[in-house]
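Next come the chains, spelled out residue by residue.
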Amino acid sequence: MVQKDFSTYFDTGDYLFKEGDNGDFAYIIESGSVEISHSRGNSKLVLSNLGEGDVLGEMAIIDKLPRSATAQATEPTQVIAIPLDYIEEKITESDPAIRLFLRIIMSRYRDMRDRFTHVFEGIEDFNKTPFQEETANTTAKIDNILSQYQSIQQRLNTAVNTAPGNHEENFGSEQTLISTKLLVTQDKSIKSALQDEEFVLHYQPIIDFKSNQIIGCEALIRWADSSGKLILPWEFMPRAEMTGLIIDLGYWIAKEACKFQKRLTSQFLQPIFVSINLSGKQFEDASLVNSLADIMDEAGVAHKMIKYEITESLLMDNHELASNALHRLKETGAKLAIDDFGTGYSSFSYLHQLPFDTLKIDRSFVSAMANNLKSYEIVKTLVHLSHDLGMNVIAEGVETKFEVQMLKQHQTDYGQGYYFSRSLPDETFIQLVENQITEKTEF
Ligand code: C2E
Ligand code: CA
Ligand code: CA
């Protein structure tokens, strides 16, 4: 191994590190390729092959646990090796929020990998199978185990979801396993998923409590992997943010959602707005507001029919940046909503300085309202204060008729949630609006 500054060379067969080693370096591959594997007895299980631009060995650096896999150069390989003390120094100098964020992401990532490894450890004949055969059989085995795991998981989820008082989204391990498979074995990047058009937007209706009709919808992204399975945003959005790919993905989302709004306007007389979620990283892009304005113009939508949703926590973490961009975004004529309200720490007086049109009450308050007087009072107060500040209110996560009745009593303007509909593919959403018009149905 020849070391010059951070640039390091490994010959074919050299180990970058072995399973169980302590973390000393994180690596970025400049050229060549590195195989990541697990050893069990005399057998080796290849988890992935990494190439130019990939990062490895970062987890043991951040969370200080031993290496969970072995990394070996499979051809002459040039890497940038970043030493532990250098990374530690940079982490110590960084904002405490960034440190916390890094640790959380790394421990989640490791947890996903560990679960993946446990699945392999469940293969009884693993030690007996020769390496080559093992590698060839890997995908089939994962699929087999996944399908067994999924059927158990589905039954568990059904039991849990139908239990009284449970309002959690079905974020089962099934999704974790599928996306881990994507991350580790296929190492499928978000970039190529964008190119391969594997992302899709679904639309969840937003209902006007006065007319009981659809008044708008929220665009929610899904990743349809090559097998057609839908992966939910919490599985890949943090990664998209980490890698900065959220910028490209964010523009793709805005374009698709604007095209859909245009389609709704040309097809239906009643105005239906489309909400687009923006994430924090997008605000670091100085051209965000101009680009969004261009996207709305190119799609030919009335700007007021597009609503941008920004979470309360985004606002707290990027105050200066976000506040400036929000005022400019508002000047384009688009609408603005504050999302997940109640989960952060913003005060109403502070909210008043920002040009929001809509406040979305987080679903945790909505679901707690029926059994908890405090939540009931919070919802009531939030609705009245929002109205006093000239904002309308959307209640999120509405799941029962009783919740609808209570929200209507409080003069909540709009509702969104499984009680009305889950998010739907574009065609299904259009069909729903059509039915509402032709059959005069009400929610
Ligand atoms: P969010 O903006 O709060 O979106 C609402 C989430 O709540 C959606 O989950 C939706 O499926 C779920 N939901 C809606 N009604 C109900 C209900 O009645 N009960 C329960 N339990 N859940 C309900 P989803 O689609 O998994 O999205 C999760 C989060 O991912 C979103 O939270 C948003 O923060 C982010 N996200 C989704 N799509 C995009 C996107 O296009 N861009 C960005 N930047 N973020 C997105
Ligand atoms: Ca949202
Ligand atoms: Ca929300």
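Look a little higher up for the structure.
What counts, and where the lines are drawn
Residues numbered from 1 in each chain as written. Chains lettered and ligands numbered in written order. Predicted model: local features only at pLDDT ≥ 70, side-chain atom pairs only at ≥ 80, totals over all residues. Heavy atoms only, no water. Helix = DSSP H or I, 4+ residues; strand = E, 2+ residues; numbered from the N terminus. Buried < 20%, exposed > 50% of the residue type's maximum accessible area, 1.4 Å probe, protein only. Areas by Shrake-Rupley, 256 points an atom, 1.4 Å probe, with all protein chains shown as cover. Donors = N, O, S within 2.8 Å, 3.2 Å for Na, K, Ca; no water. Expected span 1.5 Å × (residues − 1). Contact = heavy atoms within 4.5 Å. Pairing = 2+ DSSP bridges. Axes fitted to C-alpha atoms, helices over the stretch in contact; angles between N-to-C directions. Parallel < 35°, antiparallel > 145°, perpendicular 65-115°, else oblique. Left-handed = near helix turned anticlockwise from the far one by under 90°. Nonpolar A, V, L, I, M, F, W, Y, C, P; charged D, E, K, R; others polar. Core = buried A, V, L, I, M, F, W, Y, C linked by side-chain atoms within 4.5 Å. Salt bridge = Lys/Arg side-chain N within 4 Å of Asp/Glu carboxyl O. Polar contact = N/O pair within 3.5 Å; in protein donor to acceptor, adjacent residues only side chain to side chain. Phe/Tyr/Trp six-rings, centres within 6.5 Å; stacked < 30°, edge-to-face > 60°. Lys NZ or Arg CZ within 6 Å of the ring centre and 35° of its normal. Arc of directions from axis to C-beta.

Here we take up the overall build of the protein. The secondary structure content of the protein amounts to 16 helices and 19 strands. Counting all 443 residues of the protein, 48% fall into the buried class. When the accessible surface of the protein is split by element, carbon and sulfur atoms take 52% of a total near 21,600 Å².

Here we come to the coordination of the calcium ion (ligand 3). For the calcium ion (ligand 3), the full set of protein donor atoms is Asp339 (OD), Asp340 (OD), Glu396 (OE) and Glu396 (OE), at a range of 2.2 to 2.6 Å. Donor residues binding the calcium ion (ligand 3) come from one chain and are separated in sequence as D-D-x55-E. A gap of 3.9 Å separates the calcium ion (ligand 3) and the calcium ion (ligand 2), which Asp339 links by coordinating each metal. You can see Asp340 sitting in strand S15 (residues 335-341) and its partner Glu396 sitting in the loop between strand S17 (392-395) and helix H15 (401-409), a full 56 residues away along the chain.

The subject of this paragraph is the coordination of the calcium ion (ligand 2). Between any two of four tetrahedral donors, the ideal angle at the metal is 109.5 degrees; between two of six octahedral donors, it is 90 or 180 degrees. The calcium ion (ligand 2) binds to the protein through Glu218 (OE), Asn277 (OD1), Glu309 (OE) and Asp339 (OD), with metal-donor distances spanning 2.2 to 2.3 Å. Each donor residue of the calcium ion (ligand 2) lies on the same chain, and together they follow the pattern E-x58-N-x31-E-x29-D.

The first and last C-alpha atoms of helix H9 (residues 288-299) sit 16 Å apart over 12 residues, in line with the 16 Å expected at 1.5 Å per residue. Residues of H9 that are buried in the fold lie against helix H8 (246-267), strand S14 (306-311) and helix H11 (319-331).

Right, let's talk about the sheet that holds strand S8 (residues 70-73) for a bit. Remark on secondary structure: sheet strands pair via backbone hydrogen bonds, oriented parallel or antiparallel. Within the open sheet, the 4 strands sit side by side as S3-S8-S5-S6. Their pairing is antiparallel. Of all strands in the sheet, those with a lone pairing partner are strand S3 (15-17) and strand S6 (43-50), marking the two edges. When the angles between neighbouring strand axes are averaged without regard to direction, this sheet yields 30°. As paired strands, strand S5 (residues 34-40) and S8 are joined by 4 bridges and run antiparallel to one another.

Across the interface, H9 lies against H11 with an axial gap of 9 Å and an inter-helix angle of 25°. Taken together, the axis directions place H9 and H11 in an arrangement best described as roughly parallel. In the crossing of H9 with H11, the sense of the turn from one axis to the other is right-handed. Touching Val289, Asn290 and Leu292 of H9 are Ala325, Arg328 and Leu329, all from H11. Residue composition of the contact of H9 with H11, by class: 4 nonpolar, 1 polar and 1 charged.

Once that is clear, we can look at the nonpolar core. Tyr308 and Phe429 are the most contacted members of the largest nonpolar core, which has 76 residues in total. With 9 residues, the single largest contributor to this core is H8. In this view, Tyr308 contacts Ile276, Leu278, Leu292, Met296, Leu329, Ala334, Lys335, Leu336 and Ala337; residues no more than four positions away in its chain are not counted. Residues Val34, Ile36, Leu56 and Val79 belong to the second largest nonpolar core, which totals 16 residues.

Taken as a whole and assessed by the stated rule, the structure comprises 8 salt bridges. Between Glu309 and Lys360 there is a salt bridge, and its shortest N-O distance comes to 2.7 Å. With Glu309 in strand S14 and Lys360 in strand S16 (residues 358-361), the pair connects residues that are 51 residues apart, well separated along the chain. The exposure class assigned to Glu309 is buried, which follows from its relative accessible area of 1%. What makes Lys360 buried here is its relative accessible area of 0%. Lys330 serves as the salt-bridge partner of Asp357, at 2.5 Å between the closest nitrogen and oxygen.

In this section: the side chain of Arg67. Tracing the sequence through the fold places Arg67 in the loop between helix H1 (58-63) and S8. Side-chain polar atoms of Arg67 contact the backbone oxygen of Phe25, separated by 2.7 Å. Not counting residues up to four positions away in its chain, the partners in contact with Arg67 are Phe17, Lys18, Glu19, Gly20, Asp21, Asn22, Gly23, Asp24, Phe25, Tyr27, Gly57 and Ala60.

For the structure shown, the criterion picks out 13 aromatic pairs. Here the aromatic residues Phe10, Phe17, Phe25 and Tyr27 are joined through ring pairs into a cluster of three or more. Across the ring face of Phe17, the terminal group of Arg67 is positioned such that the distance to the ring centre comes to 3.9 Å.

As a further point, take the pairing of S6. Burial within S6 is extensive, with 6 of its 8 residues counted as buried. Examined bridge by bridge, S5 and S6 share 7 bridges and lie antiparallel to one another. Within the sheet, the bridge partner assigned to Glu35 lies in S6 and is Asn49. Taking the residues between adjacent antiparallel strands as the criterion, S5 and S6 are bridged by 2 residues, where Gly41 takes a positive phi near 60°.

This paragraph deals with the environment of Val379. Looking at the element boundaries, Val379 is found in helix H14 (residues 373-388). Counting along the chain gives 14 residues from Val379 to Phe365, while the straight-line C-alpha distance between them is 6.8 Å. Look past the residues within four positions of Val379 in its chain and what remains in contact with it is Ile361, Phe365, Met369, Leu407 and His410.

The terminal C-alpha atoms of H14 lie 23 Å apart, and with 16 residues this matches the ideal 22 Å at 1.5 Å per residue to within 8%. Among the residues making up H14, those that are buried are Ser375, Val379, Leu382, Val383 and Ser386. Viewed along the axis of H14, the buried residues span an arc of 95°, placing them on a single side of the element. For H14, the exposed residues set more than 90 degrees away from the buried face come down to Leu373, Lys374 and Asp388. Measuring from the backbone nitrogen of Lys374 back to the side-chain oxygen at the start of H14 gives 2.8 Å, which picks out Asn372 as the cap. Gly390, located one to two residues past H14, shows a positive phi value of around 80°.

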